[in-house]
Amino acid sequence: MKAIVQDTYGSANVLELRDIARPRAADDEVLVRVHAAGVDRGVWHLMTGLAYPIRLAGYGLRAPKTPVPGMDLAGVVETVGSDVTRFRAGDEVFGVGKGAYAEYARAPEDKLAPVPANLTFEQAGAVAISGSTALQAVRDHGKVRPGHHVLIVGASGGVGTYAVQIAKASGAHVTGVCSTAKTAMVADIGADCVSDYTREDFADGNHRYDVILDIGGNTSLSRLRRALTDTGRLVIVGGEDGGRWLGGMDRVLRAQLLSPFVRQTLGTFMNRENHEDLLALTQLIEAGKLTPLIDRTFPLSEAPRALQHLEDGHARGKIVITGHGTTIAGHR
Ligand SMILES: NC(=O)c1ccc[n+]([C@@H]2O[C@H](COP(=O)([O-])OP(=O)(O)OC[C@H]3O[C@@H](n4cnc5c(N)ncnc54)[C@H](OP(=O)(O)O)[C@@H]3O)[C@@H](O)[C@H]2O)c1
């Protein structure tokens, strides 16, 4: 099968299109014929091996242990492992797999769900990782309730575009923070107010928020706390520019150490994608409350350009790799 392969860590030019053997599904996995695969910051981190601590976390010291990148996917089940009960060959699924930038990829059945009825494969391939991160940030960690004033820093990106819509669907008043060129888009997906971080300071003290989801930009902890109510909740989801060694972890550690001593709740979390959350996202999508925002699609052979486009920071919402096979059956 055709697959994108990387033998070493580095920038997008370490990615090469090659012919490799088709993987086999383990007992609790299915093999998916991939029609679309999402591009996200997690893939970028595993491609570059940055920040360095991820190499120590088991992903490979000098080179990635999994040579085919890509996690988010949508496609058709080809075969199922002996313990799989939810799916059978021919089912259309989306979720998180291993090595999605290939014609076929393995995926554990508990990280998959049926493709939402109103989505194309292209849209479905962009949902699982960013959508479930946004869902867990809003629902579980932000504990967003109707009437809450919620600030979403990084509202125009992969996670942020889902977070704005999910917070709105939860009944919150949402302010999205992004760059000038993307303010109209953030308003279009439902933000009540939009703050352009190149012109305004959301931490100027004029507004204070019950919940802040800090998804992009690496804003200092003191500025984030200044924009939070006295008993508000800060959820640090991510943020780049934190350096090659710490990748912003110092900010996260300080937040966690401080949290027990202040009235505000300051914390972070690691997304755990799971079948139940994929079903919760499906409900929102099928109810018309959540729509994946696709910036651009690239063919599999142009995966390096897709990763470069992500790194350049121009994307509005999600980037998707499509057309993995010789025939594109992604005709939903
Ligand atoms: N905790 C978890 O489990 C988890 C899961 C998934 C992702 N993440 C992390 O979450 C972060 C965002 O991921 P993503 O996929 O949404 O990335 P993305 O698509 O690249 O989006 C980045 C966002 O950050 C914004 N941004 C950039 N500079 C900023 C600044 N100075 N001030 C405010 N906002 C700024 C961008 O806005 P403009 O484009 O308008 O400049 C954009 O909205 C990454 O660090 C990723 O690693 C964490």
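Residue positions within a chain follow its written sequence, with the count starting from 1. The predicted nature of this model means local features are confined to residues of pLDDT at least 70 and side-chain atom pairs, given and counted, to a pLDDT of 80 or more, with totals for whole chains, interfaces and linings taken over all residues. The side-chain values count all of the structure's non-hydrogen atoms but skip hydrogen atoms and water molecules.

- If you check an unreviewed UniProt entry, the chain appears there as NAD(P)-dependent alcohol dehydrogenase from Egibacter rhizosphaerae.

**Side note on the site of the ligand**
Here is step 1 of the chain: Taken together, 25 residues form the shell around the ligand, and within it Ser 179, Lys 182, Tyr 197, Glu 240 and Asn 271 come nearest.
Here is step 2 of the chain: Pairs of N or O atoms are called polar contacts if they sit within 3.5 Å, as long as, within protein, a hydrogen donor faces a hydrogen acceptor (for residues adjacent in sequence, only side-chain-to-side-chain pairs). Side-chain polar atom of Ser 156 to an oxygen atom of the ligand: 2.7 Å apart, as the coordinates give it.
Here is step 3 of the chain: In this structure, Gly 157 approaches the ligand through a main-chain N or O atom, which is 2.9 Å from an oxygen atom.
Here is step 4 of the chain: Exposure was quantified through the Shrake-Rupley algorithm and a 1.4 Å probe, taking into account, for residues, occlusion by the shown protein chains and nothing else. Its free accessible area being 930 Å², the ligand has 82% of it covered by the protein chains.
Here is step 5 of the chain: For the shell around the ligand, the elements supplying multiple residues, two or more each, are α1 (41-48) and α5 (158-169).
Here is step 6 of the chain: Residues are grouped as follows: Ala, Val, Leu, Ile, Met, Phe, Trp, Tyr, Cys and Pro are nonpolar; Asp, Glu, Lys and Arg are charged; every other residue, Gly included, is polar. The residue inventory of the shell around the ligand, partitioned by class, reads 9 nonpolar, 13 polar and 3 charged.
Here is step 7 of the chain: Shared between two domains, the shell around the ligand holds at least three residues of each, these being domain 1 (2-127 + 292-322) and domain 2 (130-268). The criterion for a residue being near a molecule or strand is simple. One of its heavy atoms has to lie within 4 Å of it. Runs of H or I in DSSP of at least four residues are treated as helices and runs of E of at least two as strands, each being numbered from the N terminus. An automatic or database domain assignment provides the domain bounds reported here.

**Notes on the domain arrangement of the chain**
Here is step 1 of the chain: The domains assigned to the chain are domain 1 (2-127 + 292-322) and domain 2 (130-268).
Here is step 2 of the chain: In this structure, domain 1 and domain 2 have C-alpha centres spaced 27 Å apart.
Here is step 3 of the chain: Residue contacts are defined here by distance: any two heavy atoms, one from each residue, within 4.5 Å place the two residues in contact. Counting from both sides, the interface comprises 19 residues of domain 1 and, opposite them, 18 residues of domain 2.
Here is step 4 of the chain: Buried area between domain 1 and domain 2, both sides added, is near 1300 Å², and the carbon and sulfur share of it is 52%. Accessible area that two parts lose when put together, with a 1.4 Å probe and added across both, is what the buried area reports.

**Structural notes on the sheet that holds strand β8 (residues 149-153)**
Here is step 1 of the chain: With parallel pairing, the 6 strands of this open sheet are ordered in space as β10-β9-β8-β11-β12-β13. The open sheet is flanked by β10 (193-196) and β13 (265-268), the only strands paired with a single partner. For this sheet, the mean inter-axis angle between neighbouring strands, taken without regard to orientation, is 15°.
Here is step 2 of the chain: Comment: axis = line fitted to C-alpha atoms, over the contacting stretch for helices; angle = value between 0 and 180 degrees taken between N-to-C directions. Against the sheet, helix α8 (residues 249-258) makes contact with β11 (209-214), β12 (228-236) and β13, and its axis sits at roughly 140° relative to β13, the strand it touches most. Between any two strands, pairing holds if DSSP finds at least two bridges.

**A few points about the packing of aromatic side chains**
Here is step 1 of the chain: Only the six-membered ring of Trp is used, alongside the rings of Phe and Tyr, when aromatic pairs are assigned; centres must lie within 6.5 Å, and planes under 30 degrees apart are stacked while those over 60 apart are edge-to-face, with the rest tilted. A full pass over the atoms with the stated rule returns 0 aromatic pairs.
Here is step 2 of the chain: Criterion for a charge above a ring: Lys NZ or Arg CZ within 6 Å of the ring centre, and within 35 degrees of the ring normal. Above the face of the Trp 44 ring, Arg 41 is positioned so that its terminal group lies 5.6 Å from the ring centre.
Here is step 3 of the chain: For the cation-ring pair, Arg 223 lies above Phe 202, with the distance from its terminal atom to the ring centre recorded as 5.1 Å.

**A few points about the state of the cysteines**
Here is step 1 of the chain: Any two cysteine sulfur atoms within 2.5 Å of one another count as a disulfide. According to the stated counting rule, one finds 0 disulfides in the structure shown.
Here is step 2 of the chain: The thiol of Cys 178 is unpaired, and the distance to the nearest cysteine sulfur, on Cys 193, comes to 12 Å.
Here is step 3 of the chain: Judged by relative accessible area, Cys 178 falls into the buried class, the value being 1%. Relative accessible area decides the class of each residue, using a 1.4 Å probe on protein chains only: under 20% of the type maximum gives buried, over 50% gives exposed, and in between gives partly exposed.

**Description of the nonpolar core**
Here is step 1 of the chain: Membership of the largest hydrophobic core comes to 47 residues, with the highest contact counts inside it found for Phe 94, Ile 152, Ile 166 and Leu 213.
Here is step 2 of the chain: Residue-level mapping places this core at the junction of two domains, with at least three residues from each of domain 1 (2-127 + 292-322) and domain 2 (130-268).
Here is step 3 of the chain: Side-chain atoms within 4.5 Å link the members of a nonpolar core, which is a set of buried Ala, Val, Leu, Ile, Met, Phe, Trp, Tyr and Cys residues. One finds Val 30, Val 32, Leu 73 and Val 77 within the second-largest nonpolar core, a separate group that totals 31 residues.

**A closer look at α8**
Here is step 1 of the chain: Taken together, the buried positions of α8 are Arg 251, Val 252 and Ala 255. Take α8 and look down its axis: the buried residues cluster within an arc of 100°, on one side only.
Here is step 2 of the chain: Looking at the buried residues of α8, the elements they touch are β11, α7 (221-226), β12 and β13. As used here, the arc belongs to the directions running from the helix axis to the C-beta atoms.

**With respect to the environment of Asp 91**
Here is step 1 of the chain: Note that Asp 91 resides in the loop between β4 (72-80) and β5 (92-96).
Here is step 2 of the chain: As for Asp 91 and Asp 312, which are separated by 221 residues in sequence, their C-alpha atoms are 36 Å apart.
Here is step 3 of the chain: The residues contacting Asp 91, other than those within four sequence positions of it, are Gly 75, Val 76, Val 77 and Arg 86.
Here is step 4 of the chain: A distance of 2.9 Å separates a polar side-chain atom of Asp 91 from the backbone nitrogen of Arg 88.

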